[in-house]
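This is what each chain is made of:
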Amino acid sequence: MTTRTVGIDDLGVYTPSHRLDLEELARSRGVDPAKITIGLGVQQMSVAPPWEDAVTLGANAARRVLGGETLQRDEIGMLLVATETAVDHAKPVGIFVHELLGLPASCRTLELKHACYGGTAGLMLAAEWVRSGAARGRKALVVATDIARYDLHSSAEFTQGAGAVALVIGEAPRLLALDPVSGVYAKNVYDFWRPLDRREALVDGKFSVDCYLEALDGALDDWVALARPTAPPAAACGALLYHTPFPKMAYKAHARLMAHEWRRTGRGADGLTDATEQTYAALVDPWLGAARRIGNTYTASLFFCLAWLAETAGDRLPGSTVGLFSYGSGCCAEYFTGRFAPDSAAVAARIGLGNMLATRRPLSVEEYEWYAHPATTVQPAAGEAPAIRFLGIEDHKRRYARLEMHS
Ligand code: CAA
């Protein structure tokens, strides 16, 4: 291993062009809307129409970082697609994305799975591939893509969402340099899972929250032992990002991180509540804007927080440090840190997430329910078609269409 500076060179986002207002869903389910907007902290969710799946979401995110002046297709030597919305038990989402993006044949391509942790797993594997020198100057494309689906009328229904984030990983990154030491925690638990014959996930909701928080403690213990930090995360970082199935979870996570620090340094409870509230308001809450409006995107959730931070902080980014916590049910978790690069504000200015969210079409509850279980194969109306879309299944084979691509 050398001391190469490695990290995220560019970042592309995509979320479907349809959204559901969750106060409207709450009213139609007989739930107090305040439970959703205050209790869970979420306002809207993106809804995937029948012509979108994990392949199209991922490819539509990745095309936003390809073909410009900064990245040519033949520079990519590895494509890792992380998802828990797989479309086949054997054929990986990645190989469809590889074709739809026109990537070179000399490109290691595969799908990764560990629930919502898969995106971080891809990021870490790609960073280590680059750091080791095996990349020989090439870059890795890591795509985190998911549609969060639970049964209609279940309590988890309010924590759905859809979207994808594509990360370009390389040396001398223009967006975020990753610190090489991170903290990891793994343990077999049945908190959230999706058996092979089911489209919607099963979840033991309250237990999943406990597992997430226990995993955060474990990852922080590991990080402290390996990194031997001179300052705690809330003092060292200008922003703290957490996997965010719903924004209140980020609050619970942050409270747990602060309690971990208080315990580690042998302080009593004095001042913990005030410090938690102040640091949450300054370091966590401002970056939850996308999560509040998109909902859960499983593997992509943490990276939508990163995208929102990058886009929103703008000129304050360069030189600032961020701490990131990733949790995947089942479970595996990781705490890691990075520093924004001198060019990061320019890279962030091209993400375009705010505009994408503002131009989504609102759905009625009836339309949302129909999209969840469409009676027929349906294609988008004129003007609604994304650049890459799912056409349907013929002879057990999935078919996709591209409207246009960069050269
Ligand atoms: N006004 C304001 N707040 C209200 C309220 C009202 N009228 N009514 C209830 N609330 C509050 C509750 O007090 C509670 O707040 P606290 O957690 O701070 O106590 C909050 O609203 C939620 O209420 P409940 O706990 O009663 O909600 P619920 O039974 O409907 O379950 C849930 C919530 C467990 C998160 C459920 O939505 C779920 O199972 N979601 C999917 C699983 C999930 O997201 N787990 C997260 C950890 S696992 C993970 O992160 C991986 C992943 O992505 C899946």
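The rules we used
Residues numbered from 1 in each chain as written. Predicted model: local features only at pLDDT ≥ 70, side-chain atom pairs only at ≥ 80, totals over all residues. Heavy atoms only, no water. Helix = DSSP H or I, 4+ residues; strand = E, 2+ residues; numbered from the N terminus. Buried < 20%, exposed > 50% of the residue type's maximum accessible area, 1.4 Å probe, protein only. Contact = heavy atoms within 4.5 Å. Axes fitted to C-alpha atoms, helices over the stretch in contact; angles between N-to-C directions. Parallel < 35°, antiparallel > 145°, perpendicular 65-115°, else oblique. Nonpolar A, V, L, I, M, F, W, Y, C, P; charged D, E, K, R; others polar. Arc of directions from axis to C-beta. Core = buried A, V, L, I, M, F, W, Y, C linked by side-chain atoms within 4.5 Å. 1 Å grid on protein atoms, 1.4 Å probe; cavity = no way out; pocket = protein on both sides within 12 Å on 5 of 7 lines; lining within 4 Å. Points joined across faces, edges and corners; volume = space filled by probe spheres on them. Pairing = 2+ DSSP bridges. Near = heavy atom within 4 Å. Polar contact = N/O pair within 3.5 Å; in protein donor to acceptor, adjacent residues only side chain to side chain. Sits in = over half its atoms within 2 Å of the grid points.

**Quick look at the side chain of arginine 292**
Here arginine 292 is to be found in helix H10 (residues 289-294). Judged by its relative accessible area of 19%, arginine 292 falls in the buried class. Excluding residues that lie within four positions of it along the chain, arginine 292 makes contacts with Gly41, Val42, Gln43, Gln44, Pro247, Tyr280 and Asp285.

**Structural notes on the packing of helix H1 (residues 22-29) against helix H2 (residues 33-40)**
Remark: H1 packs on H2, axes separated minimally by 7 Å, with the N-to-C direction vectors making an angle of 135 degrees. Compared by their axis directions, H1 and H2 come out oblique. Touching Leu22, Glu23, Ala26 and Arg27 of H1 are Pro33, Ile36 and Thr37, all from H2. Its residues placed into classes, the contact of H1 with H2 shows 4 nonpolar, 1 polar and 2 charged.

**Remarks on the environment of glycine 77**
Inspection of the secondary structure puts glycine 77 in strand S4 (residues 76-82). In this structure the C-alpha to C-alpha distance between glycine 77 and alanine 105, which are 28 residues apart in sequence, comes to 9.0 Å. In contact with glycine 77, other than residues within four places in its own chain, are Ser106, Cys107, Arg108, Trp129, Arg138 and Lys139.

**Section: helix H14 (residues 365-372)**
Helical geometry note: an α-helix holds 3.6 residues per turn, so side chains three or four residues apart project in the same direction. Taken together, the buried positions of H14 are occupied by Val365, Tyr368, Tyr371 and Ala372. Seen from one end, H14 has its buried residues packed into an arc of 125 degrees, which puts them on one side. Residues of H14 that are buried in the fold lie against strand S2 (18-21), H1, strand S3 (44-46) and strand S15 (361-363).

**Considering the nonpolar core**
Among the nonpolar cores identified, the biggest contains 99 residues, and Ile169, Leu306, Leu309 and Leu353 are the most heavily contacted of them. Those residues in contact with leucine 309 that lie beyond four places of it in its chain are Ala239, Leu241, Trp287, Gly314, Leu317, Val322 and Phe340. Core analysis: the next-biggest nonpolar cluster, separate from the first, contains 33 residues, Ala54, Val93, Leu101 and Tyr400 among them.

**As for empty space enclosed by the protein**
Applying the stated criterion across every chain, the model contains 3 cavities of 30 Å³ or more. As a volume, the largest cavity reaches approximately 50 Å³. Leu220, Trp223, Val224, Pro233, Leu257, His260, Glu261 and Arg264 together form the lining of the largest cavity. Looking at the lining of the largest cavity, the element that brings in the most residues is helix H8 (residues 247-264), giving 4 residues. Along the lines of polarity and charge, the residues of the lining of the largest cavity split into 5 nonpolar, 1 polar and 2 charged.

**Regarding the sheet that holds S15**
Taken together, 3 strands build an open sheet; the order of strands is S3-S2-S15 and the sheet is mixed. Edge positions in the sheet fall to S3 and S15, since each of these pairs with one other strand and no more. With direction set aside, neighbouring strand axes in the sheet form an average angle of 35 degrees. In this structure, S2 lies alongside S15, joined through 3 bridges in parallel fashion. Each residue of the ladder has a partner; that of arginine 19, found in S15, is proline 362.

**A look at the site of the ligand**
As a matter of local geometry, the ligand sits amid 25 residues, with Lys35, Ser208, His243, Lys248 and Lys252 nearest to it. The separation between a nitrogen atom of the ligand and a polar side-chain atom of threonine 159 is 3.3 Å. Between an oxygen atom of the ligand and a side-chain N or O atom of lysine 206, the distance comes to 2.9 Å. With respect to the pocket detection grid, the ligand is positioned in the second largest pocket.

Without other data, these values stay purely geometric and don't point to any function.
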